[in-house]
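Below are the chains, spelled out letter by letter.
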Number of protein chains: 2
Amino acid sequence: MKLITRETDYAIRALVHIAKSDKEIVTVTDLVETTAVPRPFLRKLLQTLNREGVLKSFKGKSGGFTLALSPEEILITRIITIFQGTMQLNECMFKKDICPNTETCSLRKILNNIQDYATRSFAGVTLKEIMKEEPHES
Amino acid sequence: MKLITRETDYAIRALVHIAKSDKEIVTVTDLVETTAVPRPFLRKLLQTLNREGVLKSFKGKSGGFTLALSPEEILITRIITIFQGTMQLNECMFKKDICPNTETCSLRKILNNIQDYATRSFAGVTLKEIMKEEPHES
DNA sequence: ACAAATGATACTGATTTGGTATCATTTCAT
DNA sequence: ATGAAATGATACCAAATCAGTATCATTTGT
Ligand code: FES
Ligand code: FES
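Parameters at a glance
- Residues numbered from 1 in each chain as written.
- Chains lettered and ligands numbered in written order.
- Predicted model: local features only at pLDDT ≥ 70, side-chain atom pairs only at ≥ 80, totals over all residues.
- Heavy atoms only, no water.
- Helix = DSSP H or I, 4+ residues; strand = E, 2+ residues; numbered from the N terminus.
- Buried < 20%, exposed > 50% of the residue type's maximum accessible area, 1.4 Å probe, protein only.
- Contact = heavy atoms within 4.5 Å.
- Areas by Shrake-Rupley, 256 points an atom, 1.4 Å probe, with all protein chains shown as cover.
- Phe/Tyr/Trp six-rings, centres within 6.5 Å; stacked < 30°, edge-to-face > 60°.
- Pairing = 2+ DSSP bridges.
- Near = heavy atom within 4 Å.
- Polar contact = N/O pair within 3.5 Å; in protein donor to acceptor, adjacent residues only side chain to side chain.
- Nonpolar A, V, L, I, M, F, W, Y, C, P; charged D, E, K, R; others polar.
- Salt bridge = Lys/Arg side-chain N within 4 Å of Asp/Glu carboxyl O.
- Axes fitted to C-alpha atoms, helices over the stretch in contact; angles between N-to-C directions.
- Parallel < 35°, antiparallel > 145°, perpendicular 65-115°, else oblique.
- Left-handed = near helix turned anticlockwise from the far one by under 90°.

(A) Representation of the overall build of chain A in the model. Scanning chain A for helices and strands turns up 6 helices and 2 strands. By residue count, 43% of the 138 residues in chain A fall in the buried class. For chain A, the proportion of contacts with a sequence separation of at least 24, taken over those separated by at least 6, is 66%. Accessible area for chain A stands at about 7300 Å²; split by element, carbon and sulfur atoms hold 51% of it.

(B) Here's a closer look at the environment of asparagine 90 of chain A. All names here are of chain A. Residue placement: asparagine 90 occurs in the loop between helix H4 (76–84) and helix H5 (106–122). Through-space distance from the C-alpha of asparagine 90 to that of isoleucine 110 is 9.6 Å; in sequence the pair is 20 residues apart. Sequence-distant contacts of asparagine 90, that is, excluding residues within four places in its chain, are made with Arg108, Leu111, Asn112 and Gln115.

(C) Examining the packing of aromatic side chains more closely. Per the stated rule, a full pass over the model turns up 3 aromatic pairs over all chains. Ring centres of tyrosine 10 of chain A and phenylalanine 41 of chain A lie 5.8 Å apart, and the angle between their planes is 85°; this geometry places the pair in the edge-to-face category. One end of the pair, tyrosine 10 of chain A, is in helix H1 (residues 6–20); the other, phenylalanine 41 of chain A, is in helix H3 (residues 39–51), with 31 residues separating them in the sequence. Residue tyrosine 10 of chain A is classed as buried on the basis of its relative accessible area, which comes to 6%. Ring plane angle 5° and centroid distance 4.0 Å describe the contact between tyrosine 117 of chain A and tyrosine 117 of chain B, whose orientation is recorded as stacked. Separated into two different chains, tyrosine 117 of chain A in helix H5 and tyrosine 117 of chain B in helix H5 (residues 106–122) make up a pair that spans both.

(D) Inspection of the environment of lysine 132 of chain A at higher detail. The residue lysine 132 of chain A is located in helix H6 (residues 127–132) in this model. Residue lysine 132 of chain A is classed as exposed on the basis of its relative accessible area, which comes to 62%.

(E) Seen up close, the pairing of strand E1 (residues 55–58) of chain B. Residue and element names in this part refer to chain B. Here 4 bridges tie E1 to strand E2 (residues 64–67), and the two strands are oriented antiparallel to one another. Looking across to E2, one finds that leucine 55 is bridged to leucine 67. Linking two consecutive strands that pair antiparallel, namely E1 and E2, is a turn of 5 residues; a positive phi of about 85° is found at glycine 60 within it.

(F) Representation of the protein's contact with DNA strand D within the structure. Around DNA strand D sit 28 residues, and of these Thr5 and Gly60 of chain A together with Arg43, Asn50 and Ser57 of chain B come closest. Looking at DNA strand D alone, sugar and phosphate atoms form 60% of those within 4 Å of the protein. Between DNA strand D and threonine 5 of chain A, the relevant distance is 2.5 Å, taken from a phosphate oxygen to a side-chain nitrogen or oxygen of the residue. A distance of 3.2 Å separates a base oxygen of DNA strand D from a polar backbone atom of lysine 61 of chain A. When contributions to the surface near DNA strand D are tallied by element, the ones reaching two or more residues are H1 and H3 of chain A together with helix H3 (39–51), E1 and E2 of chain B. Of the residues in the surface near DNA strand D, the class split is 7 nonpolar, 10 polar and 11 charged.

(G) Looking closely at the protein's contact with DNA strand C. Around DNA strand C there are 28 residues in total, and Arg43, Asn50 and Ser57 of chain A together with Thr5 and Gly60 of chain B lie nearest to it. For DNA strand C, the backbone portion of the atoms within 4 Å of the protein, that is sugar and phosphate, comes to 59%. Here a base oxygen of DNA strand C and a side-chain polar atom of arginine 43 of chain A are 2.9 Å apart. For DNA strand C, a base oxygen lies 3.0 Å from a polar atom in the side chain of lysine 44 of chain B. Those elements that place two or more of their residues in the surface near DNA strand C are H3, strand E1 (55–58) and strand E2 (64–67) of chain A together with helix H1 (6–20) and H3 of chain B. Taken together, the residues that form the surface near DNA strand C break down as 7 nonpolar, 10 polar and 11 charged.

(H) Fine view of the pattern of salt bridges. Tallied over the full model, the rule gives 4 salt bridges over all chains. The partner of aspartate 9 of chain A in a salt bridge is arginine 13 of chain A, with the nearest N and O atoms 3.0 Å apart. Here arginine 13 of chain A and aspartate 9 of chain A lie together in helix H1, a separation of 4 residues that amounts to about one turn. Per residue, the accessibility class of aspartate 9 of chain A equals that of arginine 13 of chain A, and both read buried. The partner of lysine 23 of chain B in a salt bridge is aspartate 30 of chain B, with the nearest N and O atoms 3.1 Å apart. Of the residues examined, lysine 23 of chain B reaches a relative accessible area of 45% and is grouped as partly exposed.

(I) Region of the structure containing the packing of H1 of chain A against helix H2 (residues 28–35) of chain A. All names here are of chain A. Two numbers describe how H1 lies on H2: the axes approach to 10 Å, and their chain directions differ by 115°. Put simply, H1 runs roughly perpendicular to H2. Classified by chirality, the crossing of H2 by H1 is right-handed. Two secondary-structure elements touch here, H1 through Arg13, Ala14, His17 and Ile18 and H2 through Leu31, Thr34 and Thr35. Residue composition of the contact of H1 with H2, by class: 3 nonpolar, 3 polar and 1 charged.

Here it is in structure tokens:
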């Protein structure tokens with residue numbers, strides 16, 4: 001039961017490294033060294049972030065990636081949604097059926113509360129906050 | 001990203017039905033009718049609940065299941081743990097490595113908070129509460 | 001022209017989840 | 001005793017998701 005998948009995690013860490021880098025343009029090779037994420041997987045992931053407008057990419061000889069937005073503009077919920085879809089902790093069970101009584105199910109209420117809390121917790125958290133004290137340098 | 005798996009859901013619903021039933025001993029056949037869960041799957045699941053001491057089973061001709069504890073003694077966290085292991089929403093990424101800096105990772109903090117909230121939300125919730133207004137009759 | 005970068009996309013392998021199938025054992029009713 | 005009707009134990013299977021590869025095309029600076 002994981003809130004955050006490996007891909008999301010990798011993505012966030014890559015973003016942090018790009019944001020922190022002193023180079024203007026960061027290449028996949030750089031990131032493979034700093035993050036130790038398998039190269040082809042990382043590549044796919046960065047391409048996705050580019051397509052989604054979180055990164056800007058430059059092709060050709062001295063190409064690479066930069067942030068398309070400033071760290072304080074990049075919500076991490078955005079990243080999560082990109083790789084995991086919208087956060088939905090509770091689906092009414094018996095999926096095929098229509099649940100007649102969503103109002104009165106106490107289990108559902110609990111799950112909904114947790115989800116609301118999660119949503120509030122993430123609200124407004126941007127890459128900037130995460131950057132502040134990211135571990136896993138090396 | 002689901003908090004509760006299908007198996008857990010089925011289990012809870014089966015327990016509710018057993019608890020509500022007027023029969024002393026409830027058989028799998030009864031439950032297949034009331035819950036529409038596939039029979040062999042349901043069987044496996046009830047056997048597990050029996051092994052774990054949540055249900056009591058009776059073999060032989062007029063056998064079946066009853067609750068081994070009263071509804072107010074059955075914590076639903078117990079059920080969740082049985083089928084999904086202990087709730088752990090955050091694993092430090094890069095599993096193989098030891099994460100050097102668990103204290104300062106802001107992402108981890110958020111995840112931990114959510115997990116604590118979830119734990120508190122479930123604390124003390126028993127089958128009895130869930131029973132009160134279980135939908136999906138029919 | 002060529003090397004060094006990304007773009008696009010299809011494929012593969014591992015794990016987890018949801019579900020089956022089968023046979024053994026117990027017990028009640030006759 | 002015996003057989004039907006229940007559960008116990010266990011091995012198996014299929015679909016979905018997750019993690020990762022492989023390949024070829026395109027762009028661009030030198
Ligand atoms: S199972 Fe449908 S609302 Fe609870
Ligand atoms: S990634 Fe290890 S604590 Fe955040």
